[in-house]
Amino acid sequence: MIDYDNITVYPKDLENNLKFRLQICQDAKNDTILQAMLKDMCRKDVLFLFNVFLNTYDPRRPIVKNIPFITYPYQDETILWDKETIELGVDNLVEKSRDLGCSWMFVGNDLHDWLFHPEKIETLWGSWKEEYVDQRGNMKTIFEKFRHALKN
């Protein structure tokens, strides 16, 4: 049973996070008040959106490639830092290595703004290769990651 009075506490391990997400979906299926509360939680807390509703895609996984986006502490810091730069109206740039979830973090943040703060959207996306910006069905592209996040 989920304590909806203390919903900001969500599990960060895969098994319990999956159970948590499933329970929330079951509880909210026919409960419009709970749906509105969850939507408001997502609007107010981007990390809640990431850890309770967003998924990522890992092509290296053998069977299930669509997995919950459960943030690590460095990702929490980066996501909140990105939000802060948006609030301050300053540009940001991240140098990254592979497998840190950086693209997914920024996709999730932009998706959060598109869903809950559309007046803030002024985003430019690019890649080192043009074909990695947008190509339907190609999960290496930024905009396919957006489509995946919306669909899942």
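The present account deals with the structure reproduced in this document. (Residues numbered from 1 in each chain as written. Predicted model: local features only at pLDDT ≥ 70, side-chain atom pairs only at ≥ 80, totals over all residues. Heavy atoms only, no water.)

A few points about helix H6 (residues 142-151)
Right, so step 1: Where H6 is concerned, the buried positions are Ile-142, Glu-144, Lys-145, Phe-146, His-148 and Ala-149.
Right, so step 2: Considering only its buried residues, H6 is in contact with strand E1 (55-57), strand E2 (66-68) and helix H5 (102-116). (Buried < 20%, exposed > 50% of the residue type's maximum accessible area, 1.4 Å probe, protein only. Helix = DSSP H or I, 4+ residues; strand = E, 2+ residues; numbered from the N terminus. Contact = heavy atoms within 4.5 Å.)

Remarks on the layout of surface pockets
Right, so step 1: The computed volume of the second largest pocket comes to approximately 210 Å³.
Right, so step 2: For the lining of the second largest pocket, the secondary-structure elements that each account for two or more residues are helix H2 (32-44), H5 and H6.
Right, so step 3: When residues in the lining of the second largest pocket are grouped by element, the largest group, 4 residues, is from H2.
Right, so step 4: Along the lines of polarity and charge, the residues of the lining of the second largest pocket split into 10 nonpolar, 2 polar and 1 charged. (1 Å grid on protein atoms, 1.4 Å probe; cavity = no way out; pocket = protein on both sides within 12 Å on 5 of 7 lines; lining within 4 Å. Points joined across faces, edges and corners; volume = space filled by probe spheres on them. Nonpolar A, V, L, I, M, F, W, Y, C, P; charged D, E, K, R; others polar.)

Topic: empty space enclosed by the protein
Right, so step 1: By the definition in use, this model includes 1 cavity of 30 Å³ or more.
Right, so step 2: Taken as a whole, the largest cavity spans an internal volume of roughly 30 Å³.
Right, so step 3: What lines the largest cavity is simply Phe-50, Leu-54, Asn-55, Phe-69, Trp-104, Val-107, Gly-108 and Ala-149.
Right, so step 4: It is H5 that contributes the most residues to the lining of the largest cavity, 3 residues altogether.

Comments concerning H2
Right, so step 1: Given a rise of 1.5 Å per residue, 13 residues ought to cover 18 Å, and the 18 Å separating the end C-alpha atoms of H2 matches this to within 8%.
Right, so step 2: Inspection of H2 places Leu-34, Leu-38, Met-41 and Cys-42 among the buried residues, and these make up the whole buried set. Down the axis of H2, the buried side of the element spans an arc of 100°, and every buried residue falls inside it. Looking at H2, the residues exposed on the side facing more than 90 degrees away from the buried face are Thr-32, Ile-33, Lys-39 and Lys-44.
Right, so step 3: For H2, the secondary structure elements touched by its buried residues are helix H1 (14-28), helix H3 (46-52) and H5. (Expected span 1.5 Å × (residues − 1). Arc of directions from axis to C-beta.)

Here's the deal with the pattern of salt bridges
Right, so step 1: Summed over the entire model, instances satisfying the criterion amount to 8 salt bridges.
Right, so step 2: The salt bridge involving Asp-40 is made with Lys-44; its shortest N-O contact spans 3.0 Å. Taken together, the positions of Asp-40 and Lys-44, both in helix H2 and 4 residues apart, correspond to about one turn of that helix.
Right, so step 3: Owing to a relative accessible area of 58%, Lys-44 belongs among the exposed residues under this scheme.
Right, so step 4: Between Lys-83 and Asp-113 there is a salt bridge whose closest N-O contact spans 2.7 Å. Separated by 30 residues along the polypeptide, Lys-83 in helix H4 (residues 73-88) and Asp-113 in helix H5 bring together distant segments of the chain.
Right, so step 5: Counted as one network, the salt bridges with shared partners bring together Asp-40, Arg-43 and Lys-44. (Salt bridge = Lys/Arg side-chain N within 4 Å of Asp/Glu carboxyl O.)

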